[in-house]
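# An overview of the molecular structure
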Amino acid sequence: MINVWASYCGPCRREFALLRRSAARYGTRVAFIGVDGDATPGPGREFLRRNPTLYPHVRDPRGRLANRLSAGVVLPSTIILDSDGQIATVFAGAYPGARRLADDLARYAGVVDGR
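The notes below deal with the structure included here. Worth saying up front: this structure is predicted, and the values here are computed from it rather than measured.

## Overview of the pattern of salt bridges
One pass over the structure, following the stated rule, counts four salt bridges. R49 serves as the salt-bridge partner of E46, at 2.6 Å between the closest nitrogen and oxygen. Of this pair, E46 and R49 both sit in helix α2 (residues 41–50), three residues apart, which is roughly one turn of that helix. Assessed through its relative accessible area of 29%, E46 is described here as partly exposed. Residue R49 is classed as exposed on the basis of its relative accessible area of 57%. Between E46 and R50 there is a salt bridge, with the nearest N and O atoms lying 3.2 Å from each other. Of this pair, E46 and R50 both sit in helix α2, separated by four residues, roughly a single helical turn.

Next up, the structure:
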C-alpha cells in the first residue's frame, strides 16, 4: 500500500493516524510506503519527526512517482497493489476510516483482517 501525502495537506495529516494504526495492525501482511510530495525536504522531515511511522517514506517533490502510480494530483492518494505488484486500485482523498481501508485491502490485495 502506497500513500502519497504532503505535510501542508490537512486531509493527509488527519489520515496519518489511521495509516499508522493500520500499519501496526497489519504487521508483515501488508507493506506500507509513504510518498512525501513536499517541494522541499524540511517540512516533510519535521512532520515525520513529530509523527513517526513503522513504515518508510520516500520523497517525490516533483510528483513523478505519484504520476507513475496513477495517483494524479489529489492529496492524499492511496495506491493498493495486488500480490503481483500491479496497481489494483487508487483511492483519491483521505480514507474515511479503518473499515473502508480493511475492506479495500481484502478486496484488492487479498488481505484477510484476522489479526
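## Description of the state of the cysteines
Under the definition given, this model contains one disulfide. Disulfide pairing is shown between C9 and C12; the S-S distance is 2.4 Å. One quick way to see it: the torsion about the S-S bond of C9 and C12 is about 80 degrees, and its sign makes the bridge right-handed.

The rules we used
Residues numbered from 1 in each chain as written. Predicted model: local features only at pLDDT ≥ 70, side-chain atom pairs only at ≥ 80, totals over all residues. Heavy atoms only, no water. Salt bridge = Lys/Arg side-chain N within 4 Å of Asp/Glu carboxyl O. Helix = DSSP H or I, 4+ residues; strand = E, 2+ residues; numbered from the N terminus. Buried < 20%, exposed > 50% of the residue type's maximum accessible area, 1.4 Å probe, protein only. Disulfide = S-S within 2.5 Å.

Any functional reading would require information beyond the geometric quantities listed.
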